[in-house]
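Structure at a glance
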Amino acid sequence: MPIGTGVDTHVFCRIICLLLSTLWLRFVYANDQRERERERERERERLECVEFHSLPFLGNGIKTYKYNALTFIPLNLFEQFKRVANLYFLALLILQIIPEISTLPWYTTLVPLVLVLGITAIKDLVDDLVRDSSTSCRFQESKWMSIHVGDVVRLKKNDHIPADILLLSSSNPNSLCYVETAELDGETNLKFKMGLKVTDERLQEEHQLAQFDAMIVCEEPNNRLDKFTGTMRWRKDRFPLDLDNMILRGCRIRNTDVCHGLVIFAGADTKIMRNGGKTRFKRTKIDELMNYMVYSIFVILILLCAGLAIGNSFWYEEVGSRAWYLKDGKDQTASYRGFLSFWGYIIVLNTMVPISLYVSVEVIRLGQSKFINWDLQMYYQEKDTPAKARTTTLNEQLGQIEYIFSDKTGTLTQNIMAFKKCTIAGRTFVDFSWNKYADSKFEYLDHSLVACIRSKKDKDAMEFFKLLSLCHTVMLVYQAASPDEGALVTAARNFGFVFLSRTQDTITISEMDQEMTYEVLALLDFNSDRKRMSIILRFPDGRIRLYCKGADTVIYERLSPNSRHKEVTQTALDIFANQTLRTLCLCYKDISKQEFDAWAKKHKAASVAMSNREAALDGVYEQIESNLMMIGATAIEDKLQDGVPETIAKLAKADIKIWVLTGDKKETAENIGYSCELLTDNMQIHYGEDIKLNRHVCVFSPQNEILYEKKKKRRRLRLKRLGRRPVPATPQDATQPIDDWEKESRQVDFVNMACECEAVICCRVTPKQKANVVSLVKKYKKAVTLSIGDGANDVNMIKTADIGVGISGQEGMQAVMSSDYAFAQFRYLERLLLVHGRWSYIRMCKFLRYFFFKNFAFTLVHFWYSFFNGFSAQVAYEDWFITLYNVMYSSLPVLLVGLLDQDVNDKLSRKFPKLYLPGQQGALFNYKNFFISLFHGIFTSLVVFFIPYGAFLQTMGQDGEAPSDYQSLAVVMASSLIFTVNLQISLETSYWTFVNCFAVLCSIAIYFGIMFDIHSAGIHVIFPSTFTFTGVAPNALRQPYLWLTIILTVGISLLPVIFIKFLCKTIWPSVGDNVQRNRKKYEVEEEEKKKPAPFQRDRLSRRSAYAFSHSRGYADLIASGRSIRRRPAAARPDPRDSITEVPQAGNI
């Protein structure tokens, strides 16, 4: 090496080695760091995997029954002993075992208690078995119970979705799958779901599905029907998941032959079940009132017993201790004797708390439920569906309903759209044998329109139906984005303009048997702000034309000044609107090539804008949709169920307020409100977003401040602790309440405002919000509520209301399975409430008033007798009379009144809805009626005791002896009481039958038959210690003056009642009394035939159908071509085959 380099070779080598070592260390460190990161990532995945798999996944079985073999006895007894009376009698039975206290044998309480508990338990078991069988049958058929999280399932067309499933692949291109979501959101138009591209390409065959080993990391189970977030990890890659990839339980597969999916949530974890709410134990208002009355009776009993115990102490101090013949050899003080006397009177007067009341109530309710089941006027013959009372505990509550909360789709409507009328070029306009593509179910009765079409001379008519067949986003097999659009395309098909197929850039139709293909230049889709849609087509001859259809309110603003028929069409629209039809305007515009090219550039620029893209597109659409030429208008009927307007009118006359809670848009719900006459032009319509109460805005929307999210609440509470108001992240957050007091204030304002209205329609509400609205009315108005629906989205509302009614309609059976009552048509609700409900309430109130009366009259005789026996807790009757009084001697007549009585027949009950008002007011059974029964019982007991007592003081028998013994007095008092209570129920009976008459006479006969038997010498010989009244009845009742005493006692007991009833019915008659008085007159009269009143408006207001879609149409999907490209094996379907999809999809 030359010396001139100036660098030592050794030093150079050391530098090179140092550099290499440094690089190696950095490389090793970098590799170690990457390895550590990979290890941490693998650890995180393992932790996530462990956490994910450690979750307690639920099976897919849904339990709606309450008991099983192990829990039935303890759980049923626990529920029964929640009733105060049952618990009281259990304590009483324990007291009767103590000899020093009891003066009655233990069996007098044990027999009725066991009878009550046993009958109630059997009834509860039968109810639960019926509930269980109705649930499991369906699951067993479809084997849903065997499905678990992680299973891959195959579903076919028209199958119900058994769980929340991730769509993997389907027989449609790009794994597209159509689902019907009516049970979730009430919308009948089909939705599309799409699998991931990777699963569509790799999971078509069975062996591919068997090897599928992805891991899904997703959100916890929740009730958000509009949101899903998750990630799929498969083959070292991650794929985002959202709601478009999920098909939820409650949906139904439509227009898709086969699809495959992975179960994500099952059973109670599914979103629809999370929205379903808990099964609540429902009790009637009368049940609650009965409990409070039992408390009151118990307090009265305690006071009476305490007073009598004090009397016993004073009596023993003053009299008993000084009478040598009363000494019993026990060294007990007067106070202690009074204490024992207190418990003795608790036992003697125990019948004031009527143990047999509850079993009698259960028997009556069971019978009333059977009458509902057997009612042929609530039987729907078309589907062989009878009415069904699925519970036996709520019948009388049906007579007290103040608010009805109804679903719309499938409950008020039939889910069927029908093309009814149209106006073409100013003319307002069916045998379809000439059209091979016609729908056999399509009904249209104007033959002049058919003649115009077949002649091919009316260009306006041809253009009208050509527009309907071209301007839409209907997919193959006539899959429409809305039921209205499906009805319009079906109408065009029936008039000879048949939609055949479409691709990404073309649409093919058959025009009067001539196939034509048009090039699609642009598709301007519908949204709720535009209220219209347009399509720009290039005709085969090169012309460019825009077709547009939309709401009249937006179309008329965009018409050309040269457009003809505007005034005539407007008149026709008014007529259609007056008939509550859903109207839609049709128009067109010819566009030059230069104009289209210039517009297309703007459209392309707007479609790729990175910000405010939708607003930019709407602005571009606005430019081309101008100077339109009117063709005509259509009128579609959203068919109501039969009798809906009449039913709503009758219920409104009964002062029942009806609220409609629906997931539909405001315009759609408002249309139905007018159609069913819930809304009229005499009403002033207020929209929630425009109403302010005390500076608070009440909004009928999912963003309602009443129903704000928990995470926002936690954030506000956290900031509240810091003493500052949270900064609103969105305009909705700005109106959210800051604390619970403000939230409650707004809830009260909302309920008060809504309850002032004659009718309320809540739109765009989720299943949970439906339930929350019901609970708010229950909470702040203390009103009796009824919810009625037909889909799984109504289950929570049905469970929340006091009464839940399910309609067995088009949306499955989940609503029916969760309901208390079920039938097939909304119109049956009128008979359920105005007839069965009113009768049940009247019968139950009459039964309870009488039952309390007869027990007070029976028991308080012991109280009066105590003043003559030294307050010694001795009974006034024979032991067996006490045991059998409520079981044999007085139960049958009142049971039949509770089962069969009716003030007026069913026709008059429906003719005079005002008869329903007493039930709403609780006028027939309340504390006032209870105290009237109490004082009536006190009066009767005074008469039953003191008149026989007075008669026995100064009487002489035929044999010259005075029959003044205690046993004869007991027989006379008992006989007088039996005659009095049985004749009293006869005065209360409004509807006499042979059975009622037989029951009264039979009860009296049974009393005398049993009394003579147990007073006979023969039974005394067999049981000398049990039957001690030997020969008393034959000896006492052969004395004529004792019969006169009985007659006098009964007469004095009943005369005041007869006099008061006469005054009430003549001087202060109720509505029911007036109807009863003229009952025969009304029955003879033929009811006037109801003529439907013409629906007239005071203003020109049209309700357009073109606000029907709940989301954007299929324009984006069509433009992407994902739904158009088919596998080579697929072929274009025959339109005639697609007709079979119409009744299944339920929207064409």
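Within an unreviewed UniProt entry, the label attached to the protein chain reads Phospholipid-transporting ATPase, and the organism entered is Hucho hucho. One UniProt comment on the protein chain, placed under Sequence similarities (unreviewed entry), says "Belongs to the cation transport ATPase (P-type) (TC 3.A.3) family. Type IV subfamily." You can read under Cofactor (unreviewed entry) in the UniProt record for the protein chain the words "Mg(2+)".

All right, on to the environment of Val-1075 then. The residue Val-1075 is located in helix H38 (residues 1071-1077) in this model. Setting aside residues no more than four positions away along its own chain, Val-1075 makes contact with Val-904, Leu-908, Phe-912, Leu-915 and Tyr-1082.

The next point concerns the packing of helix H32 (residues 927-953) against helix H37 (residues 1040-1066). Viewed as axis vectors pointing N to C, H32 and H37 meet at an angle of 155°, and their least axial separation amounts to 10 Å. By the angle between their axes, H32 is roughly antiparallel relative to H37. For the element pair H32 and H37, the recorded crossing hand is right-handed. Across the interface between the two elements, His-936, Phe-939, Thr-940, Val-943, Val-944, Ile-947, Pro-948, Ala-951 and Phe-952 from H32 touch Leu-1042, Thr-1045, Leu-1048, Thr-1049, Ile-1052, Ser-1053, Pro-1056 and Val-1057 from H37.

Okay, the environment of Phe-750 next. With respect to the element layout, Phe-750 can be found in helix H23 (residues 740-755). Residue class for Phe-750 comes out buried when judged on its relative accessible area of 2%. Each C-alpha atom of the pair Phe-750 and Leu-776 lies 9.1 Å from the other, and the pair is 26 residues apart in sequence.

A separate point is the UniProt feature "binding site: Mg(2+)" (unreviewed entry) in the protein chain. Cross-referencing UniProt, the feature "binding site: Mg(2+)" (unreviewed entry) maps to Asp-407, Thr-409, Asp-790 and Asp-794 in the present numbering. By the element assignment, Asp-407 lies in the loop between strand E12 (403-406) and strand E13 (413-424). In this view, Asp-407 contacts Leu-412, Leu-661, Thr-662, Lys-770, Ile-788, Gly-789, Asp-790, Asn-793, Asp-794 and Met-797; residues no more than four positions away in its chain are not counted. Engagement of the side chain of Asp-407 in a polar contact is seen with the side chain of Thr-411, the distance being 3.5 Å. Within the secondary structure layout, Asp-794 lies in the loop between strand E26 (785-789) and helix H25 (795-800). On the accessibility criterion, Asp-794 (0% relative accessible area) is buried. Not counting chain neighbours up to four residues away, the residues in contact with Asp-794 comprise Asp-407, Lys-770 and Gly-789. Within the structure, the side chain of Asp-794 is placed 2.8 Å from the side chain of Lys-770, a separation counted as a polar contact.

What follows concerns the pattern of salt bridges. Scanning all chains against the criterion turns up 28 salt bridges. The closest approach of N and O atoms between Arg-558 and Glu-622, which form a salt bridge, is 2.8 Å. Of the two residues, Arg-558 is situated in the loop between helix H15 (552-555) and helix H16 (566-578) and Glu-622 in helix H18 (residues 613-624); the sequence distance between them amounts to 64 residues. Of the charged contacts, one joins Glu-830 and Arg-910 as a salt bridge, the two residues approaching to 3.3 Å between their closest N and O atoms. Residue Glu-830 is located in helix H27 (residues 828-866), and its partner Arg-910 is located in helix H30 (residues 906-911); the two are separated by 80 residues in the primary sequence. When salt bridges with common partners are traced through the structure, they connect Arg-532, Glu-557, Arg-558, Glu-622 and Glu-625 into a single cluster.

Taken together, the four strands give an open sheet; going across it, the order is E1-E10-E2-E8, and neighbouring strands pair in antiparallel fashion. For this open sheet the edge positions go to strand E1 (152-156) and strand E8 (246-247), each flanked by a neighbour on one side alone. Summarising the sheet, strand E2 (residues 164-170) and E8 pair through two bridges and their orientation is antiparallel. Residue pairing across strands places Leu-166 opposite Met-246, the latter belonging to E8.

Another aspect to go through is the packing of helix H33 (residues 966-988) against H37. Put simply, H33 and H37 touch, their axes get as near as 9 Å, and they point 30° apart. If you check the angle between H33 and H37, you find them roughly parallel. Note on packing geometry: the crossing formed by H33 with H37 is right-handed. Residues Val-972, Ser-975, Ser-976, Phe-979, Thr-980, Leu-983, Gln-984, Leu-987 and Glu-988 of H33 form the contact with H37, whose participating residues are Leu-1042, Trp-1043, Thr-1045, Ile-1046, Thr-1049, Val-1050, Ser-1053, Leu-1054, Val-1057, Ile-1058 and Lys-1061. Class assignment of the residues belonging to the contact of H33 with H37 gives a composition of 11 nonpolar, seven polar and two charged.

The strands making up a sheet associate through hydrogen bonds between their backbones, and the pairing can be parallel or antiparallel. The three strands lie next to each other as E4-E3-E9, forming an open sheet whose pairing is antiparallel. Each edge of the sheet is formed by a strand with only one pairing partner; in this case those strands are strand E4 (191-194) and strand E9 (252-254). Averaged over all adjacent pairs, the angle separating strand axes in this sheet is 45°, with direction ignored. Summarising the sheet, strand E3 (residues 176-180) and E4 pair through four bridges and their orientation is antiparallel. The partner of Val-179 across the bridge, within E4, is Lys-191.

What follows is about a nonpolar patch on the surface. A grouping of Leu-115, Ile-119, Val-363, Val-887 and Met-888 is seen on the molecular surface, where their side chains present a nonpolar patch of about 330 Å² in accessible area. Elements represented by at least two residues in the nonpolar patch include exactly helix H4 (107-142) and helix H28 (879-889). Inspection of the secondary structure puts Met-888 in helix H28. Residue classification places Met-888 among the partly exposed residues on the basis of a relative accessible area of 34%.

Rules of the game
- Residues numbered from 1 in each chain as written.
- Predicted model: local features only at pLDDT ≥ 70, side-chain atom pairs only at ≥ 80, totals over all residues.
- Heavy atoms only, no water.
- UniProt positions renumbered as here; feature names shortened; annotations may be inferred.
- Helix = DSSP H or I, 4+ residues; strand = E, 2+ residues; numbered from the N terminus.
- Contact = heavy atoms within 4.5 Å.
- Axes fitted to C-alpha atoms, helices over the stretch in contact; angles between N-to-C directions.
- Parallel < 35°, antiparallel > 145°, perpendicular 65-115°, else oblique.
- Left-handed = near helix turned anticlockwise from the far one by under 90°.
- Buried < 20%, exposed > 50% of the residue type's maximum accessible area, 1.4 Å probe, protein only.
- Polar contact = N/O pair within 3.5 Å; in protein donor to acceptor, adjacent residues only side chain to side chain.
- Salt bridge = Lys/Arg side-chain N within 4 Å of Asp/Glu carboxyl O.
- Pairing = 2+ DSSP bridges.
- Nonpolar A, V, L, I, M, F, W, Y, C, P; charged D, E, K, R; others polar.
- Patch = residues over 30% accessible without salt bridge, like charges linked within 9 Å, V, L, I, M, F, W, Y side chains within 5 Å.
- Areas by Shrake-Rupley, 256 points an atom, 1.4 Å probe, with all protein chains shown as cover.

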